Amino acid sequence: QKEVEQDPGPLSVPEGAIVSLNCTYSNSAFQYFMWYRQYSRKGPELLMYTYSSGNKEDGRFTAQVDKSSKYISLFIRDSQPSDSATYLCAMRGDSWGKFQFGAGTQVVVTP
Amino acid sequence: DAGITQSPRHKVTETGTPVTLRCHQTENHRYMYWYRQDPGHGLRLIHYSYGVKDTDKGEVSDGYSVSRSKTEDFLLTLESATSSQTSVYFCAITPGQSSYEQYFGPGTRLTVT
């Protein structure tokens, strides 16, 4: 079983809809939770991060972490065609070392 | 873009040949990583480095070796390429030991025939 599970999609939504993405994980030592966006044939770029549990909002993006359920979410409000990309969740513990990535969810926002 | 470049950007090679991929960064970061990305697997760590000549294995290190003789360069070598190593390879840096941030290079698309 993978340490981080993420539905690969594709997830297709109409422009203006809310996109809901999530990951589950098994390692309770994870403390940092990140979301990356990756456009086709590009490297991933950091979108948001959250430390421990709670919510974080940045413009149209909201990240949520529920450590008791080992579940993280990313919401994209008022989705745009330019949001069409693959979204990867990533996690790491407190001590320096390795980051663990989900497989990525492909999102398609149709005009 | 954190000043990360990768070379070559595309390569086709034959089974059994050695291949070296280069990652170059311009901002003197200490921590560097090599990942491979395959459909259904996401990013998997091959090797990472925490300083010049200081490297360690990731989860998929078999068949790969790395070297870091200068802070700015992190080389990934496939000793004898196999078709299972056909993938997209990404280099990444982390600005600091406690950092949650990783910045990625543009990737190298490698095909082993």
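Below is a summary of the structure that appears in this document. (Residues numbered from 1 in each chain as written. Chains lettered and ligands numbered in written order. Predicted model: local features only at pLDDT ≥ 70, side-chain atom pairs only at ≥ 80, totals over all residues. Heavy atoms only, no water.)

## A look at the environment of Leu110(B)
All names here are of chain B. Selection rule: Each helix is a run of DSSP H or I of at least 4 residues and each strand a run of E of at least 2, with the numbering of both proceeding from the N terminus. For this analysis, residues touch if any pair of their heavy atoms sits within 4.5 Å.
Position of Leu110 relative to the elements: it lies in strand E11 (residues 108-112). Considered as a pair, Leu110 and Val12 are 98 residues apart in the sequence and their alpha carbons are 5.9 Å apart. Contacts of Leu110, omitting those with residues within four sequence positions, involve Lys11, Thr13, Val19, Leu78, Gln85, Thr86, Ser87 and Tyr89.

## Considerations on the state of the cysteines
Applicable threshold: Count a disulfide wherever a pair of cysteine sulfur atoms falls within 2.5 Å. Buried means the residue's accessible area, taken with a 1.4 Å probe over protein chains only, is under 20% of the maximum for its type, while exposed means over 50%, and partly exposed covers the values in between.
Following the criterion strictly, the structure yields two disulfides over all chains and no others. For Cys23(A), the disulfide goes to Cys89(A), at an S-S distance of 2.0 Å. When the S-S torsion is -105 degrees, as for the bridge of Cys23(A) with Cys89(A), the disulfide is left-handed. With Cys23(A) in strand E3 (residues 19-25) and Cys89(A) in strand E9 (residues 85-92), the pair connects residues that are 66 residues apart, well separated along the chain. Of the two residues, Cys23(A) and Cys89(A), both sit in the buried class. Covalent S-S linkage joins Cys23(B) and Cys91(B), the inter-sulfur distance amounting to 1.9 Å. The S-S bond linking Cys23(B) to Cys91(B) shows a torsion near -70 degrees; that makes this disulfide left-handed. Taken as a pair, Cys23(B) in strand E3 (residues 19-25) and Cys91(B) in strand E9 (residues 87-94) lie far apart in primary sequence, 68 residues in all. According to the relative accessible area criterion, Cys23(B) is buried, its value standing at 0%.

## Describing the environment of Phe61(A)
Among the structural elements, Phe61(A) can be located in strand E7 (residues 61-66). Apart from the residues lying within four places of it in its own chain, the contact partners of Phe61(A) are Arg37(A), Leu47(A), Met48(A), Lys56(A), Leu74(A), Phe75(A), Ile76(A), Arg77(A) and Asp83(A).

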